[in-house]
Amino acid sequence: MSLIARITRHFEESAQLKLAAVEGLAGPVSDAIDLLVSVLASDRKILACGNGGSAGDAQHFAAELIGRFERERPELAALALTTDSSILTAVANDYSFEEVFARQVRGLGQTGDALLAISTSGNSPNVIAAIQAAHERQMHVVALTGKGGGRIASLLAEDDVHLCVPHDRTARIQEVHLLIIHCLCDGIDAILLGEQE
Ligand SMILES: O=C(CO)[C@@H](O)[C@H](O)[C@H](O)[C@H](O)COP(=O)(O)O
Ligand SMILES: [Zn+2]
């Protein structure tokens, strides 16, 4: 296969997945927006975590809330738990890598906050531990997964929101996660700016 053909196949597979996934995901994404708006409107905050590309997505989400997405508005309370190398290395070194997000959730999370938990497999132990810590703190959870949701699917509470991309390829799932993150940012802004009831 030529490089052009390989590249074309990536574009086509990604585009086809997005078009196929929107019907099943639009409703849950709308629920996630409503949940996150209620968290922010109650002066609570959103913590975000994930590994690898999903760590980047967690940071991307927090940056768009503290900074801006497409419209001017005041800062919104969001924090990625993936950035502080001293915390990450100390907790991994002194406890375990599985604890790197959960200890931050227990240390920073308060009742009514939300955790955006991102795992394409739904099986990363440190994201699972973060969800369990969020529930201990009476926090809401929005989980971004794929591959059927993995162990995370069975961990979520009734009022949590599960956004599971119907695909088994990590890269494709991440591409839809990023699209979902932009939908979350747009929907949160539309409601908070009074453009959307
Ligand atoms: O971005 C990619 C693959 O596209 C990788 O860095 C990927 O994020 C890593 O393998 C992660 O460790 C995967 O973790 P998860 O999504 O299964 O929770
Ligand atoms: Zn990636």
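You'll find the protein entered in an unreviewed UniProt entry as Phosphoheptose isomerase, with Quisquiliibacterium transsilvanicum given as the organism. In the Sequence similarities (unreviewed entry) part of its UniProt record, the protein is described as follows: "Belongs to the SIS family. GmhA subfamily." Under the Function (unreviewed entry) heading, UniProt states for the protein: "Catalyzes the isomerization of sedoheptulose 7-phosphate in D-glycero-D-manno-heptose 7-phosphate."

Undergrad: For this particular structure, what's the right way to read the site of ligand 1?
TA: Asn51, Gly52, Gly53, Ser119, Thr120, Ser121, Ser124, Thr170 and Gln174 make up every residue found near ligand 1. Side-chain polar atom of Ser124 to an oxygen atom of ligand 1: 2.6 Å apart, as the coordinates give it. Out of a free accessible area of 450 Å², ligand 1 has 61% covered by protein chains. Looking at the shell around ligand 1 residue by residue, the classes come out as no nonpolar, nine polar and no charged.

Undergrad: It is not clear to me how unusual backbone geometry should be interpreted in this structure. Could you clarify?
TA: Note: most peptide bonds trans; most residues except glycine with negative phi. Unlike most non-glycine residues, Asp43 shows phi in positive territory, near 60°. Its location among the elements puts Asp43 in the loop between helix H1 (3–41) and strand S1 (46–49). With relative accessibility at 69%, the residue Asp43 sits in the exposed group.

Undergrad: Quick question: what am I supposed to make of the nonpolar core here?
TA: Buried together is how nonpolar side chains tend to be arranged in soluble globular proteins. In terms of nonpolar packing, the biggest core is built from 36 residues, with Ile46, Phe61, Leu163 and Ile180 touching the most fellow members. Broken down by secondary-structure element, the contributors of at least two residues to this core are H1, S1, helix H2 (53–66), strand S2 (78–80), strand S3 (114–118), strand S4 (140–146), strand S5 (161–165) and helix H7 (170–192). When residues in this core are grouped by element, the largest group, eleven residues, is from H1. Not counting chain neighbours up to four residues away, the residues in contact with Leu163 comprise Leu25, Pro28, Val29, Ala32, Val142, Ala143, Leu144, Thr145 and Ile180. Counting 23 residues, the second-largest nonpolar core is a separate cluster that includes Leu88, Leu115, Ala130 and Met139.

Undergrad: Explain the pairing of S3 to me, please; I cannot follow it from the model alone.
TA: The two faces of the sheet receive side chains in turn, since in a regular strand these alternate between them. A large share of S3 lies buried, amounting to five of its five residues. Pairing geometry for S1 and S3, over four bridges, is parallel. Paired with Ala48 across the strands is Leu116, a residue of S3. Bridge count for S3 against S4 is five bridges, and the pairing is parallel.

What counts and what doesn't
Within every chain, residues take consecutive numbers counted from 1 along the sequence as written. Think of it this way: whatever chain is written first is A, whatever ligand is written first is 1, and the rest follow in order. Residues qualify for local features only when their pLDDT is at least 70, as the model is predicted, and side-chain atom pairs are given and counted only at 80 or more; totals for whole chains, interfaces and linings, by contrast, use all residues. The basis for every side-chain value is the complete set of heavy atoms in the structure, and neither hydrogens nor water enter the calculation. UniProt positions are given in the numbering used here, feature names are shortened, and annotations may be inferred rather than shown by experiment. One heavy atom within 4 Å of a molecule or strand makes the whole residue count as near it. Here a polar contact is recorded for every N or O atom pair within 3.5 Å, except that within protein the pair must consist of a potential hydrogen donor and a potential acceptor, and residues adjacent in sequence are included only if both atoms are side-chain atoms. Note on areas: Shrake-Rupley with a 1.4 Å probe; residue coverage comes only from the protein chains shown. Residue type decides the class: Asp, Glu, Lys and Arg count as charged, Ala, Val, Leu, Ile, Met, Phe, Trp, Tyr, Cys and Pro as nonpolar, and the leftover types, Gly among them, as polar. Strands are runs of DSSP state E lasting at least 2 residues, helices are runs of H or I lasting at least 4, and numbering of each runs from the N terminus. Each residue gets one of three labels from its accessible area relative to the maximum for its type: buried under 20%, exposed over 50%, partly exposed in between, using a 1.4 Å probe on protein chains only. To form a nonpolar core, buried Ala, Val, Leu, Ile, Met, Phe, Trp, Tyr and Cys residues must be joined to one another through side-chain atoms within 4.5 Å. Residue contacts are counted whenever heavy atoms from the two residues lie within 4.5 Å of one another. If DSSP finds at least two bridges between two strands, the strands pair.

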